[in-house]
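Commentary on secondary and tertiary structure
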Amino acid sequence: MTLEIVRFEPNGPAGQGLARWEDIPADTLLAGNPVQRGHSYLDVKQFGLSAGVWDCTPMTTKPEPYPVNEFMLVLEGSVTIVEAGGRETTIRAGESFILPKGLDCSWRQTEYMRKFYVIFDDQSGTAPEPSTLSVIKPDPRAELEPTSFDPAPIVGPLPKQHARTWFTDPTGQWTIGTWDATPYERKVAPFPRYELMHLIEGSVTLTDGRGGGHTFRAGDTFLVPMGTPCGWKSTEYVRKFYCIFQPKEAAALRA
């Protein structure tokens, strides 16, 4: 894949849009005849990692274990996840949620829905802790805890930063959280992980290896693939959701 900073667009890439995807198998449905479309901005089969935009007409699926770990940011519409124990969680436009692999649930969607997603299809066989198998709905304004910075790549004074982890998969490779920081600059260097970022507050300019600037503001969603030359410059307070994948070869490689 091309190593470049990617801005996620709700309608897919300009001039390309969303493609019709294969029909959802009828034997997995309780209601609906859904039509789904999407665009994959990232597909790293080696790790079972993918990310993109998806939309779909209404449907209700049969209860079954969720097949992947997935982080989703709802752009339009809503969905209610019904867990095997009866707990219902409704997620609406502007909200995000996480479904851990193995969660026994049904997807109940009564209206058109569009989302950004990041999927980690873990094939290591690592068993999840039962306590983690529930819908997780991160609070964008939740209290965060202070964390430290590696000073080496920072240009100028060290910022203050805080974070909160909402979910880490059983292999320890895939993590979703909230993070904030005061203004700072980080020099261009190969990015050490795959990371999707959704800005909740503030703005930032990322610099690529060619010297080009990519400015993102509150409400924007973007992806930096591992190995991409990337610098950071923020002149105001920034708060974001992040979805990080940092591979551990022994756990992530497929047979």
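Everything quoted here is computed from the prediction, not taken from an experiment.

1. A look at the packing of aromatic side chains
Within this structure, the stated rule accounts for 13 aromatic pairs. Each ring, one from Trp 179 and one from Trp 232, has its centre 5.7 Å from the other, and the planes form 85°; the classification is edge-to-face. Of this pair, Trp 179 sits in strand E17 (residues 174-181) while Trp 232 sits in strand E23 (residues 229-234), and the two are 53 residues apart along the sequence. An identical accessibility class is assigned to Trp 179 and Trp 232; each is buried. Taken together, Phe 47, Phe 120, Tyr 194 and Phe 245 form an aromatic cluster joined through their ring pairs. Above the ring of Trp 54, the side-chain terminus of Lys 115 is found at 4.4 Å from the ring centroid. Here the guanidinium or amino end of Lys 240 rests over the ring plane of Trp 179, the centre of that ring lying 4.6 Å away.

2. Points about the pairing of strand E20 (residues 203-208)
By the bridge criterion, 5 bridges tie E20 to strand E21 (residues 213-217) in an arrangement that is antiparallel. Each bridged residue has a counterpart across the sheet, and for Thr 207 the counterpart in E21 is Gly 213. In textbook terms, the turn of a hairpin is the stretch between consecutive antiparallel strands, and for E20 and E21 this stretch comprises 4 residues, one of which, Gly 211, has a positive phi near 90°. Alignment of E20 against E23, held across 4 bridges, turns out to be antiparallel. Its bridge partner being in E23, Thr 207 is matched across the sheet by Gly 231.

3. Here we look at the pattern of salt bridges
All told, the structure shown has 16 salt bridges when counted by the stated rule. Here Asp 23 makes a salt bridge to Arg 20, at a shortest N to O gap of 2.9 Å. The residues Asp 23 and Arg 20 share a single accessibility class, namely exposed. Between Lys 45 and Asp 43 there is a salt bridge, with its nearest N and O atoms 2.7 Å apart. Taking the relative accessible area as the measure of exposure, Lys 45 reaches 61% and is therefore exposed. Because the salt bridges share partners, they merge into one network encompassing Arg 37, Asp 55, Glu 76 and Arg 114.

4. Regarding the pairing of strand E11 (residues 96-99)
Of the two faces of E11, both are covered, the one formed by Ser 96 and Ile 98 as well as the one formed by Phe 97 and Leu 99. Taken together, the 4 bridges between strand E8 (residues 69-76) and E11 define a ladder with antiparallel strand orientation. Each bridged residue has a counterpart across the sheet, and for Glu 70 the counterpart in E11 is Leu 99.

5. Some thoughts on the confidence of the model for the protein chain
Should pLDDT be low for a region, the predicted coordinates there are not to be read in detail. Across the protein chain, the average pLDDT comes to 94, with 97% of residues at or above 70. Predicted confidence for residues 250-255 stays below pLDDT 50, and this span has 16 contacts to residues more than four positions away or in other chains.

6. Here we look at the sheet that holds E17
What holds strands together in a sheet is hydrogen bonding between their backbones, with the strands either parallel or antiparallel. With antiparallel pairing, the 7 strands of this open sheet are ordered in space as E1-E22-E19-E24-E17-E16-E14. Edge positions in the sheet fall to strand E1 (6-7) and strand E14 (145-147), since each of these pairs with one other strand and no more. In this structure, E1 lies alongside strand E22 (residues 221-224), joined through 2 bridges in antiparallel fashion. Looking at the pairing, Arg 7 lines up with Phe 222 of E22.

7. Remarks on the nonpolar core
Taken as a class, soluble globular proteins show a tendency for nonpolar side chains to be buried jointly. By size, the foremost hydrophobic cluster in this structure holds 29 residues, and its most contacted members are Phe 8, Leu 49, Phe 71, Ile 98, Val 118 and Trp 174. Of all elements in the fold, only strand E4 (36-44), strand E5 (49-56), E8, strand E13 (113-120), strand E16 (161-168), E17, strand E19 (194-201) and strand E24 (238-245) reach the threshold of two or more residues within this core. When near neighbours in sequence (up to four residues on either side) are disregarded, Ile 98 contacts Glu 70, Phe 71, Ser 134, Val 135, Ile 136, Pro 138, Trp 166, Phe 167, Trp 174 and Ile 176. Membership of the second largest hydrophobic core comes to 21 residues, among which are Met 59, Val 74, Leu 103 and Met 113.

8. Comments concerning the environment of Leu 30
Mapped onto the secondary structure, Leu 30 falls in strand E3 (residues 29-31). On the accessibility criterion, Leu 30 (56% relative accessible area) is exposed. Considering only alpha carbons, one finds Leu 30 and Asp 139, 109 residues apart in sequence, at a separation of 31 Å. Residues in contact with Leu 30, not counting those within four places in the same chain, are Thr 60, Thr 61, Lys 62 and Pro 63.

9. Concerning the sheet that holds E5
With antiparallel pairing, 6 strands are arranged side by side in an open sheet as E2-E4-E5-E13-E8-E11. The open sheet terminates on both sides in strands that have one partner only, identified here as strand E2 (19-20) and E11. Looking at chain direction, E8 and E13 are connected through 7 bridges and run antiparallel. From the neighbouring strand, Asn 69 faces E13, where its bridge partner is Phe 120.

About the cut-offs
- Residues numbered from 1 in each chain as written.
- Predicted model: local features only at pLDDT ≥ 70, side-chain atom pairs only at ≥ 80, totals over all residues.
- Heavy atoms only, no water.
- Phe/Tyr/Trp six-rings, centres within 6.5 Å; stacked < 30°, edge-to-face > 60°.
- Helix = DSSP H or I, 4+ residues; strand = E, 2+ residues; numbered from the N terminus.
- Buried < 20%, exposed > 50% of the residue type's maximum accessible area, 1.4 Å probe, protein only.
- Lys NZ or Arg CZ within 6 Å of the ring centre and 35° of its normal.
- Pairing = 2+ DSSP bridges.
- Salt bridge = Lys/Arg side-chain N within 4 Å of Asp/Glu carboxyl O.
- pLDDT = per-residue confidence, 0-100.
- Contact = heavy atoms within 4.5 Å.
- Core = buried A, V, L, I, M, F, W, Y, C linked by side-chain atoms within 4.5 Å.

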